[in-house]
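Letter by letter, the chains look like this.
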Amino acid sequence: MPGGRLTHKDRQQIALGLADDLPYAEIARRLERPTSTITREVMRNGGPGGYRAEAAHRATEQRAHRRKGASPSVRGPEAVALPHGRDPRAVAEYEELYTTVMSGSGLSQMMSRIMVSLLTTDSGSLTAAELVQRLQVSPASVSKSIAFLESQSLVRREREEGRRERYVIDEDLWYQSMVASARSLLQQVEISRKGVAVLGPGTPAATRLENVARFLDFVAENITRSAEQARGILYSKPSVDTPAPDPRDL
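These lines cover the structure that appears in this document, whether it is placed above or below.

### Focus: the side chain of glutamate 165
Working step 1: Looking at where glutamate 165 falls in the secondary structure, it is placed in strand S3 (residues 165-168).
Working step 2: Within polar-contact distance, the side chain of glutamate 165 engages the side chain of arginine 157 at 2.7 Å.
Working step 3: Among the polar contacts made by the side chain of glutamate 165, one reaches the side chain of arginine 159 at a distance of 3.4 Å.
Working step 4: Discounting residues that sit within four places of it in the chain, glutamate 165 has contacts with Thr127, Ala128, Arg157, Glu158 and Arg159.

### Focus on the environment of serine 192
Working step 1: Secondary-structure assignment places serine 192 in helix H10 (residues 171-199).
Working step 2: Measuring from C-alpha to C-alpha, the distance between serine 192 and asparagine 211 comes to 9.0 Å, with 19 residues separating the pair along the chain.
Working step 3: If sequence neighbours within four positions are ignored, serine 192 has contacts with Leu209, Val212 and Ala213.
Working step 4: Polar side-chain contacts of serine 192 include one of 2.8 Å to the backbone oxygen of glutamine 188.

### Things to note about helix H11 (residues 204-230)
Working step 1: Over its 27 residues, H11 runs 39 Å from end to end, which matches the ideal 39 Å to within 8%, given 1.5 Å per residue.
Working step 2: The elements touched by buried residues of H11 are H10.

### Examining the packing of aromatic side chains
Working step 1: All told, the structure shown has 1 aromatic pair when counted by the stated rule.
Working step 2: Here tyrosine 94 and tyrosine 98 contribute two aromatic rings whose centre-to-centre distance is 5.7 Å and whose plane-to-plane angle is 65°, an arrangement assigned as edge-to-face. One end of the pair, tyrosine 94, and the other, tyrosine 98, are both in helix H6 (residues 88-103), 4 residues apart, so they sit about a helical turn from each other.
Working step 3: Classification of tyrosine 94 as partly exposed rests on a relative accessible area of 45%.
Working step 4: Taking NZ or CZ as reference, arginine 231 lies 3.7 Å from the ring centre of tyrosine 175, over its face.

### Considering unusual backbone geometry
Working step 1: Positioned with a positive phi, aspartate 21 is a non-glycine residue whose angle comes to about 60°.
Working step 2: Tracing the sequence through the fold places aspartate 21 in the loop between helix H1 (8-19) and helix H2 (24-31).
Working step 3: Positive phi is not limited to glycine here, since glutamate 32 has a value of about 55°.
Working step 4: Examined against the element boundaries, glutamate 32 turns out to sit in the loop between H2 and helix H3 (35-43).
Working step 5: Residue glutamate 32 is classed as partly exposed on the basis of its relative accessible area of 49%.

### Notes on the sheet that holds strand S1 (residues 125-127)
Working step 1: Spatial ordering of the open sheet is given by S1-S3-S2, a layout of 3 strands whose pairing is antiparallel. Single-partner strands in this sheet number two, and they are S1 and strand S2 (156-159). Averaged over all neighbouring strand pairs, the angle between strand axes comes to 30°, with direction disregarded.
Working step 2: Examined bridge by bridge, S1 and S3 share 3 bridges and lie antiparallel to one another. By the bridge assignment, serine 125 is partnered in S3 with valine 168.
Working step 3: On top of the sheet, helix H8 (residues 128-135) reaches S1 and S3; it is set at about 90° to S1, its chief contact.

Rules used in this analysis
- Residues numbered from 1 in each chain as written.
- Predicted model: local features only at pLDDT ≥ 70, side-chain atom pairs only at ≥ 80, totals over all residues.
- Heavy atoms only, no water.
- Helix = DSSP H or I, 4+ residues; strand = E, 2+ residues; numbered from the N terminus.
- Polar contact = N/O pair within 3.5 Å; in protein donor to acceptor, adjacent residues only side chain to side chain.
- Contact = heavy atoms within 4.5 Å.
- Expected span 1.5 Å × (residues − 1).
- Phe/Tyr/Trp six-rings, centres within 6.5 Å; stacked < 30°, edge-to-face > 60°.
- Buried < 20%, exposed > 50% of the residue type's maximum accessible area, 1.4 Å probe, protein only.
- Lys NZ or Arg CZ within 6 Å of the ring centre and 35° of its normal.
- Pairing = 2+ DSSP bridges.
- Axes fitted to C-alpha atoms, helices over the stretch in contact; angles between N-to-C directions.

As structure tokens, then:
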């Protein structure tokens, strides 16, 4: 299996494969590369819908140039000792990939970076100062992003001694986020059904709104039910040899 970095020709083949709607695994097979390499390459360069070979190759060269020109005194991910014997470079690449995937779900780049930082921290919590240092951004950027994440029930605040706050992402926040999503869908159900009366039952527009309402109502109900059934998974602590429970078995 070929090693080394992806070439410009490789990237052209990736772009062609994406244009043909080939799965990452098939593109990787044709290039004799790991699937994870293709996934990471695509997600950090625009995603499956925005990947361009020329732009991806140019961006990679620019990143390499910045790394070479960085001051040796700057403590990058490779210079920081991580717990549990983790490989700093592998962790940094994973966090970058996770950030790209999360950004594709609608969160901004900064919000995604904060979420990934909290998710990959053993404690599941960081202070504003720790986030500023970890991400090398301004306190204002952290504060603005945290405010939005908190409004979406993705992060909560804990007051420590003095005025310092700690931002936490714990198990139940995922459940609360799903419930909040279902609640938002139900609001759309309500407003859609109000439109039926306004536009006249039986008219094409009213029928469309009623169908939307029925669809969203069904989805919201199933999200709520599934979240309740699977909630216990968030608190399970499986051993290395014991697989996590499957929600379908609940």
